[in-house]
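Descriptive analysis of the structure
What follows is the residue order along each chain.
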Amino acid sequence: MLTVDELERYDRQIMLREIGEAGQEKLKRASVFIAGIGGLGSPAAIYLTVAGIGRIRLVDHDRVDRSNLNRQVLHWDNDIGRSKVKSATEKLKRLNPEVEIEAIEQTITEANLAELLTGFDLIVDAMDNLPTRYLLNKAALDNNIPFFHGAIYGFEGRAMTIIPHKTACLRCVYRGVIPEEKFPVIGVTPAVIGCIQATEVIKYIVGIGELLTNKLLNYDALNMEFTEFNVKKDPHCEHCSHMKTTG
Amino acid sequence: MSITVNIHQALRHLINNQATAEVSGTTVGECLADLVRQFPCIETKLFNKKGKLLHYVDIYVNLESSYPEELAKPVMDGDKLSITLMIAGG
Ligand SMILES: [Zn+2]
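Criteria and thresholds
- Residues numbered from 1 in each chain as written.
- Chains lettered and ligands numbered in written order.
- Predicted model: local features only at pLDDT ≥ 70, side-chain atom pairs only at ≥ 80, totals over all residues.
- Heavy atoms only, no water.
- Salt bridge = Lys/Arg side-chain N within 4 Å of Asp/Glu carboxyl O.
- Helix = DSSP H or I, 4+ residues; strand = E, 2+ residues; numbered from the N terminus.
- Buried < 20%, exposed > 50% of the residue type's maximum accessible area, 1.4 Å probe, protein only.
- Phe/Tyr/Trp six-rings, centres within 6.5 Å; stacked < 30°, edge-to-face > 60°.

What follows concerns the pattern of salt bridges. Residue and element names in this part refer to chain A. Per the counting criterion, the structure on display carries 21 salt bridges over all chains. When the shortest N-O distance is used, the salt bridge between Arg55 and Glu100 registers 3.7 Å. Taken together, the positions of Arg55 in strand β2 (residues 55-59) and Glu100 in strand β3 (residues 100-104) put the pair 45 residues apart, joining distant regions of the chain. Accessibility expressed as a relative area gives 24% for Arg55, which makes it partly exposed.

Attention shifts here to the packing of aromatic side chains. Two aromatic rings, taken as a pair, are described by how far apart their centres are and by the angle between their planes. Residue and element names in this part refer to chain A. Counted according to the given criterion, the structure contains four aromatic pairs over all chains. The interplanar angle of 70° and the centroid separation of 6.2 Å between the aromatic rings of Phe33 and Phe120 together place this pair among those described as edge-to-face. Taken together, the residues span a long stretch of sequence, with Phe33 in strand β1 (residues 31-35) and Phe120 in the loop between α6 (110-117) and β4 (122-125) at a distance of 87 residues. Assigned by exposure class, Phe33 and Phe120 land together as buried. The interplanar angle of 25° and the centroid separation of 4.8 Å between the aromatic rings of Tyr219 and Phe226 together place this pair among those described as stacked. Judged by its relative accessible area of 5%, Tyr219 is buried. Judged by relative accessible area, which is 49%, Phe226 ranks as partly exposed.

As structure tokens, this is what we get:
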């Protein structure tokens, strides 16, 4: 049940025929795991918080650096040196005290991931490196948790939604690793992609619209072009080929 | 034969800052060879020393992944190729 305050807070989105009170209640019951609270994680977390997701867990081991501030909008100048999850949690709680925000200052590893994910319905991939993205992809598949991928580089971004057992996974699309490097980026690019991830999460929870499944969305900010590449489940995929496909 | 190749942003400086190039060929491999003929600097960004496509380069034909045929995948006049690079920043 939504409270009087919640009905008022979410009035404009409850007005949407696609959401309504029933959709808002689904958002309230949902729990979202956000891996990484940097350039993608900040906008994704902000918009999921204001949309009224019931419970959000933020996981990041990093501390705020001055060079993060051009894009990681949950972290401000006076947060330099502080834990990113603490800095983010503080602001998100002030944005919407109705949402339960949990901060976990840890590095995501193969050893701790299953435990970190326990009790969470969805995963937002807001990482900055492929090895951890692959760990998340594998764990999402193994635990049957929908996985919302986003990545950026410079003026370019990508997004893809993965529903275990049903759609192509991240490993079907990306087969190797790329060296970890300092990547160029301007804040508006992850802002767009993080919001696309949050939009996909909201649509999935409420059960509306068309998801970015079996599609890799490519955003070219310089030419202001969105392209959807069609991707298929790879029958030899290292992560998902052994899984039974349904639906 | 004319095939349009859309080039990933990070490689555009190698083709005179254009977003696309016109190439000819009957397979993805022939089209990329023609691209390299026109813009030799792009070769090492697409292929390893043995001439194999680098694992972080993905080629799409009319928005469909060319994997696993990749270079052997046939193409026709009017097809659109896209050269994309894996990205992982956040
Ligand atoms: Zn797969």
